[in-house]
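The primary structure of each chain is shown beneath.
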Amino acid sequence: MTVAILLALLGLIDASFSGFRAYAGRDARIRKHRATARAALRGLAVGAVLLLAPALTAVIVLLTASDRAATFDTLAAGGLGYLLPLALYAAVVLVSLAAYFALPFRASTLAVVIGLGPLTLLRPLAVATACLGALINGGGAQSLLVGTIAGAAVLCVEPAVHRRWYHGVQ
């Protein structure tokens, strides 16, 4: 159960950053702390709703299984395999964020250009690697199903937030 909680927390944090990314760069004001906090909260809210889909899928898989204990163990193994690549990806993102916040202006801009920008583009690859990790770690088809739905959910947060709140903002 601990793996599921860690994955849910990681998904919610990612959703919050997705909300921020949907808004980032769309407002020329210098002081926009409230707007960026609101965008992050919007991403968190959308992510929380979308992450109900993999949770519901996992519950359905467990309830329809003939051997619930074995299915739970399989899902837990798959969850661990799913978590490891995402934890590595999150660690690299955190190092880039730390560089962005800690370095002087020019160096922090470089951190965004060579770190956070490409890492944002690599999110789908990180999710695909996590799905493969769930399968390789012994999660089977059930873990792959839940992981694929979870990956689709987190990848849909930013477009959903952008479309709902920021599509007209230039």
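Residues numbered from 1 in each chain as written. Predicted model: local features only at pLDDT ≥ 70, side-chain atom pairs only at ≥ 80, totals over all residues. Heavy atoms only, no water.

Trainee: For the nonpolar core, give the residues involved together with the corresponding values.
Mentor: Within the largest apolar cluster, 16 residues are counted, with the highest numbers of intra-cluster contacts made by Tyr-82, Leu-86, Tyr-89 and Val-93. Counting residues per element, the ones that place at least two in this core are helix 4 (68–102), helix 5 (105–121) and helix 6 (123–166). With eight residues, the top contributor of residues to this core is helix 6. If we skip the residues at most four places from it in the chain, Val-93 touches Leu-116 and Leu-119. Counting nine residues, the second-largest nonpolar core is a separate cluster that includes Ala-35, Ala-39, Val-157 and Val-161. (Core = buried A, V, L, I, M, F, W, Y, C linked by side-chain atoms within 4.5 Å. Buried < 20%, exposed > 50% of the residue type's maximum accessible area, 1.4 Å probe, protein only. Helix = DSSP H or I, 4+ residues; strand = E, 2+ residues; numbered from the N terminus. Contact = heavy atoms within 4.5 Å.)

Trainee: Account for the side chain of Thr-36, naming residues and giving values.
Mentor: Along the chain, Thr-36 turns up in helix 2 (residues 33–50). Residue classification places Thr-36 among the buried positions, given a relative accessible area of 17%.

Trainee: Give me the state of the cysteines: which residues, what numbers.
Mentor: What the rule picks out here adds up to zero disulfides. No disulfide involves Cys-131; its sulfur sits 13 Å from that of Cys-156, the nearest cysteine. On the basis of relative accessible area, Cys-156 is assigned to the partly exposed category, the value being 40%. (Disulfide = S-S within 2.5 Å.)

Trainee: A description of the packing of aromatic side chains should follow, citing residues and the corresponding values.
Mentor: Using the criterion set out here, one finds one aromatic pair in the structure. Considering the side-chain rings of Tyr-23 and Tyr-166, the 5.2 Å spacing of their centres and the 50 degrees angle between planes classify their relative orientation as tilted. With Tyr-23 in helix 1 (residues 2–23) and Tyr-166 in helix 6, the pair connects residues that are 143 residues apart, well separated along the chain. Each member of the pair, Tyr-23 as well as Tyr-166, is classed as buried. (Phe/Tyr/Trp six-rings, centres within 6.5 Å; stacked < 30°, edge-to-face > 60°.)

Trainee: For a nonpolar patch on the surface, give the residues involved together with the corresponding values.
Mentor: There is a patch of nonpolar side chains on the surface, built from Tyr-100, Phe-101, Leu-110, Val-112, Val-113 and Ile-114 and spanning about 610 Å² of accessible area. Listed by contribution, the elements that provide at least two residues to the nonpolar patch are helix 4 and helix 5. Of the residues forming the nonpolar patch, the biggest block, four residues, is contributed by helix 5. Relative to the elements of secondary structure, Phe-101 occurs in helix 4. (Patch = residues over 30% accessible without salt bridge, like charges linked within 9 Å, V, L, I, M, F, W, Y side chains within 5 Å. Areas by Shrake-Rupley, 256 points an atom, 1.4 Å probe, with all protein chains shown as cover. Salt bridge = Lys/Arg side-chain N within 4 Å of Asp/Glu carboxyl O.)

Trainee: Summarise the pattern of salt bridges; cite the residues concerned and give the values.
Mentor: Enumeration over the complete set of coordinates arrives at two salt bridges. The salt bridge involving Arg-123 is made with Asp-14; its shortest N-O contact spans 2.5 Å. Note that Arg-123 is positioned in helix 6 and Asp-14 in helix 1, a separation of 109 residues in sequence. Pair check on accessibility: Arg-123 and Asp-14 agree, each one buried. As a salt-bridge pair, Arg-21 and Glu-158 come within 3.0 Å of each other at their nearest N and O atoms. Taken together, the positions of Arg-21 in helix 1 and Glu-158 in helix 6 put the pair 137 residues apart, joining distant regions of the chain.

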